[in-house]
Amino acid sequence: MEIVIHIVTVLVVLFVVLNIAAGLIWVERRLLALWQDRYGPNRVGPLGLMQVAADTIKLFFKEDWVPPFADKGVFILAPAIVMLTVLMSFTVLPFAPGMQITDLNIGLLFVLAMSSLGVYSVVLGGWSSDNKYSLLGGLRAAAQMLGYEVFMGLALMGVVLMAGSFSLRAIVDAQSKMWFIVPQFVGFVLFLIAGAAEMRRLPFDIPEAESELVAGFHSEYSGMKFGMFFVGEYVGVVLISALISILFLGGWHGPLLPPIVWFLIKMFAFIAFFILLRAGLPRPRFDQLMSWGWKIMLPLALANLLVTGAIVLAVK
Amino acid sequence: MTKIFVDGRPFDVPENQSMLQACLTLGFDLPYFCWHPALGSVGACRQCAVKQYRDEKDSRGRIVMSCMTPVAEGVRISIRDAESVSFRAAVIEGLMQSHPHDCPVCDEGGECHLQDMTVMTGHAYRRYRFSKRTFRNQNLGPLVNHEMNRCIQCYRCVRYYREYAGGHDLKEFVLRNLVYFGRQNDGVLENEFAGNLVEICPTGVFTDKTLKQHYTRKWDLQLAPSVCVHCGIGCNTSPGERYGTLRRIVNRYNGEVNGYFLCDRGRFGYEFVNSPERLRQPRLQKGGQGETADGPVALVHARKLLDGGKVIGIGSPRASLEANFALRTLVGQERFFAGVEDEEHRLTARMLEILRSGLARSPSLGEIEKADAVLVLGEDVTQTAPRMALSLRQSVRQQPFELVDKLQIPRWLDHAAREAVQDAKGPFFVAAPHPTKLDDVAAATYRASPDDLARLGFAVAHAIDSSAPDVPQLTDGVRALAGRIAEALKNAKRPLVVSGPSLKCEALIQAAANVAWALCRAGKPAALSFTAPECNTLGLGLMAARPLGEAQQALKSGEADTIVILENDLYRRAPREQVDALLASARHLIVLDYLETSTTHKAEVVFPSAPFAECEGTFISNEGRAQRAFQVYVPEGGIRAAWQWLRDLLIASGANGAAAWQGVDDVLKTLAGSLPAFSAVPQAAPSAAFRMAGEKVAREPHRYSGRTAMHANINVSEPKPPDDPESPLSFSMEGVSEQPPPALIPFFWSPGWNSIQSVNKFQQEIAGPLRGGDPGVRVIEPAKPTEPDGPAGPDGNARADFLGAPPAVFEPQPDRVLLVPIYHVFGSDETSQRAPAIRELTPKPYVALDSEAARRFGLNDGDLAEVAVNGAVERLPVKVRDGMAAGVAGLPVGLPGIENCRLPAWARITRP
Amino acid sequence: MFSIIRTLWNVLLHSFQPRVTIQYPEEKPYLAPRYRGRIILSRDPDGGERCVACYLCAVACPVDCIALQATEDPTGRRYAEFFRINFSRCIFCGLCEEACPTYAIQLTPDFEICEYDRQKLVYEKEDLTISGPGKYPGYNFWRVAGVKIGGKDKGQAEREEPPAEIHSLLP
């Protein structure tokens, strides 16, 4: 019986997450249009909502083309990795009290591990395409992930120190009085930036910068393989937004409204924020990106950890 | 070479040129109107003004007309000088005052010298606000259109027409700003070279009226280098096509051959290609009933007919070398017959023998122009080889030029040179049975029957070299004339004798050869030019075909039972009964031709072959110059080149060697290998493999328009442009951007020079050869003398024996006349006759009588006469033509209705 | 850093600005008369065809989508025997209109000429010719040009003197 409930939970989470990710395609286009004084998709279905369905159908019916020069096995594997790793992270997220697939005591580490593994999909996809643009995209992705992963983890250590646990549920519970965004504001900002970089969202979409690299690591992908990269990115946005809500904004905590609503409000606010970033900011140069990560963000994260550690020690 | 300075830069230029010519040779863009390379300078239009400086210190200079200023050592001029620039702009503004604002509907637009020069000088806005003078136009006949409002009064037309071409019916009228160029009254321009006004006129006063029927701008034409097929001269032409029909022909400059000019037959005769009488699909016929068939079906059918192997082929002097050779290969050398009258065949062989084994060289038209003493023996050149007549007309200026030189007047200073010589003309003698159009420049004319003309020739030869056969019973007058001619020829530097087969008189040809050889033996570089009746007469002649008369025997003896006739209407070659008999005795008849003829009606299988604009072919001109005519466009329907049909027949009948004939190049290679006379022919043009910078030569100008719409009504998806694996040209606007080699120039165009005058940019030197040499390769040369530098002498291989013997004196008969052929530039040629514009000018059949003879037969001008000749009786109107030789009457050649009368022949003329 | 935040704030403020998109099929946009849409052939004020078949539009066309053939009526007035535009190739650049010396060819603000069948995008003269003078009322090429056509003899165009008497020698 336990197992059945677990499976149902898993399936519900999977269904909801995937639907949110797919819906995000529509949300993002509408929001971008709103901020650019346009309408965005508004023809297919009410408010253009069926645009997602139309796009999905289109993707399914496109020719599933594997270039003859590509490394076939790796080429097919790469898009699967991205979906797999991102979805795996959702297993440990507490959406509301009792709404969680599993509460690992090292939940946060698990999430970080999964997001690190995600880089393989990009690197392998870029390498197996046997195309100079794809390879360059893959290389950039590797370098970028490496640089931003380090301080992403470090930025979260402040939260861990304050909560005293790696369990995400424990971290949410630790915020019942005060959200960590207040004491850990620097960590929040660092994580926000690192999250965007980790998900290769604009302005950090350098691995697929279309003005330089055609479409970067997924230049050669088409049909549903491309679709997996595409949806994987949106699932990633959902994941990072959910994580931010959980780690810094108290997760489901909030007055009046049921916990899950609070959680969703917070999460969607950050999703909207990521879309706003895309609407507002230009893409930096790759060397700027790298020096920004290593020379500013990393020292800042270390300093934040040091100060937090010192304060926590002093208070205890 | 002389050094001049243009805008401070030194240049070496040839002497004896005007500054304008030198500047154009150097590639400078200097505007001009009244000057023309063939007409010289008169300084009338003031357009070519430049600044001339005394020396390098002179900064003021003075404005001079560059066309009137000779080049001299150290002369300094400036083209870019501001004052001369504004002077030129002012001149053109003045010229444009009354220009009628009708460029959009002007046929010259887009290839207008006036447009080019206006753009060149930068005159862009009209300031003149007052009223324009206007003129009424004249109807100048079916060839040339007249639109006088456009005139800028440069006088080029009348200078060309009167002084160069010898016409009389075009002149300037009125005065001041009302000067008018036209005829006294409306009427057809009489000169045979009037069509050149289209190119001479710098603007749209004279335009091509046949083009107007299907008007197309120059940039929209698809063109290819071609060769005129309407006589034996081989003038170079650029035919242009649009929407699948031939639109017009313009001159293609060849310094050695036609230079800047064509005759009207060549320029306007092209319309037969668009004729509704064209054969467009193979046809299988039986008993007069025909049905069209596809190519493969017709080939299978024809192959069955050829199966017996007893086939004879009849070639054609109007078919290309390739086609004739393919036929010769199909039927075998022994069974290849010349498709010409036996007499003409014999004369052609004789002319070839004379030119190939004799002493005298056959001159190009360029050399004919430079001849300074000419004897025309028995040939009405204006009608049989028109373009040569224009060159002969220039030759009479050669001797008077010596006086011009003595007065130190440059020869190109046209007005002064003409003033200096007044009416003086060089020695030019015409001997013909009737008046000719060249008589007006002749120092003396001689009218006699063909035999008597030959006797004059023999007498001249004897007078030059006493070892030549003497002529008995010569009257004193003729002897004196012969002596005078001999004297003139002997005193000339470059004497020339012109004769030909048109009177069908072998003695004439022998006499002409004797005169030339006598001169050669006297150490003169004498030239001997024979006209050729058709575009490939000499090419066919060199193939050593059997005479047509033997074909009958071949059929009768059972040697053969099937005839293949190549592009030939036998009914024009022999009397009707003979041809009927010949065709009747054949079991099967296969004909290849591009026009319906009486012969195609009799055929069992008719293959539609391609005329000159629709296939590639090589022709040998009367000079012995092999020239390639390239395909202009791909014809619709089942039309293919004759040699391609014959090749497929060859392959079908198992001759595998022919399968290698992929293009004209391959056929010519085989031809050159098997007949040594043709060994040089493949060099007439670059092979199909030729590329410049990896590209072919484009047949279409780079501004060719309408590619994506011209066929859109049939199918909106554009067809791929046709491939042309057979030639170095492409059916496309994509191709080399540099100047192609001279044999491959489809059209003349240069940036800023849209008119035909852009040829300036293609010449090594203005009015000189094209860059890379004038196209064509000579395949007929006289035998070499053994002494390398000495004059051609009687030793070595060269043949020195004088030929033949003078014929007996011609005795006029009281009751009969000798009918001699009279040729007509419009009408005597088989193909141009089918062009509507030419047909309009073709005379109706007639019999020409001297007024004395007419009186004797009781006939008046216009009366119907019964002419009994060769056993047939024709009813023809009489045309009284004074000046015909005594006892001689004339009958036009080749006119529809009387095309198969063999002449000369004795005839009885009676009142019906 | 501040500029980034300001940028984001400014972008966010666009949420409250009106949209510039025009919802086309329901809402028709205003197109200026000089908009470069469907090509037409106009007529002169007298109702005659303005096109004199000079080929300048065809040669100006960068995609070579105009083909025509000139012909003349018995009085010498030149016109197009056929005039074809392949709109499936046309790029609506307007160079034909600029090249036209008689204001005959004009681009109009109509752009609704889509077809499912490309072949239907081939317009012949009958499809192109309209009944009026289009954007340029008043101009008639033949009144200016010094050629003779039916109804207008030599010397009757604007600013022309009567034809000269060519057999006169009077100064």
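Remember, it's a predicted structure, so these values are computed and weren't measured experimentally.

Focus on the arrangement of the chains
Taking contact number as the criterion, the leading pair out of two pairs of chains in contact is chains B and C. Here chain A and chain B are not in contact; the least distance found between their C-alpha atoms is 27 Å.

Remarks on the sheet that holds strand β2 (residues 9-13) of chain B
Residue and element names in this part refer to chain B. Spatial ordering of the open sheet is given by β2-β1-β5-β3-β4, a layout of five strands whose pairing is mixed. The sheet is open, and its two edges are formed by β2 and β4 (62-65), each paired on a single side. Direction aside, the axes of adjacent strands within the sheet are offset by 40° on average. Where strand β3 (residues 49-53) meets β4, four bridges bridge the pair, whose relative direction is antiparallel. If you follow Q52 over to β4, its bridge partner there is R62. Strands in contact with helix α2 (residues 82-95) are β3, β4 and β5 (76-78); relative to β3, the strand with the most contacts, it is inclined by about 155°.

Let's talk about the sheet that holds strand β25 (residues 588-593) of chain B
Within a sheet, neighbouring strands are paired by backbone hydrogen bonds and run either parallel or antiparallel to one another. Residues and elements named next belong to chain B. Spatially, β16-β15-β26-β25-β24-β17-β18 is the arrangement adopted by the seven strands of the open sheet, whose pairing is mixed. This sheet does not close on itself; its edge strands, each paired only once, are β16 (289-292) and β18 (336-337). Where β25 lies against strand β26 (residues 605-608), four bridges are found, and the strand directions are parallel. When the bridges of β26 are listed, I590 appears paired with V605. Contacting β17 (311-314), β18 and β24 (562-566), helix α9 (residues 321-331) crosses the sheet at an angle of about 165° to β17.

Looking at the pattern of salt bridges
Considering all chains together, one arrives at 77 salt bridges over all chains under this definition. When the shortest N-O distance is used, the salt bridge between E163(B) and R418(B) registers 3.2 Å. Taken as a pair, E163(B) in helix α4 (residues 156-164) and R418(B) in helix α15 (residues 414-421) lie far apart in primary sequence, 255 residues in all. Across the pair R89(C) and E718(B) runs a salt bridge, and its minimum N-O distance is 2.5 Å. One end of the pair, R89(C), is in the loop between β3 (78-86) and α3 (95-99); the other, E718(B), is in the loop between β29 (697-698) and β30 (729-730), on a second chain.

Brief notes about the domain arrangement of chain B
Its domain assignment divides chain B into domain 1 (2-95), domain 2 (283-344 + 539-762), domain 3 (360-525) and domain 4 (817-910). Computed over C-alpha atoms, the centres of domain 1 of chain B and domain 4 of chain B are 54 Å apart.

Reading guide: rules and limits
Residues numbered from 1 in each chain as written. Chains lettered and ligands numbered in written order. Predicted model: local features only at pLDDT ≥ 70, side-chain atom pairs only at ≥ 80, totals over all residues. Heavy atoms only, no water. Contact = heavy atoms within 4.5 Å. Pairing = 2+ DSSP bridges. Helix = DSSP H or I, 4+ residues; strand = E, 2+ residues; numbered from the N terminus. Axes fitted to C-alpha atoms, helices over the stretch in contact; angles between N-to-C directions. Salt bridge = Lys/Arg side-chain N within 4 Å of Asp/Glu carboxyl O. Domains from an automatic or database assignment.

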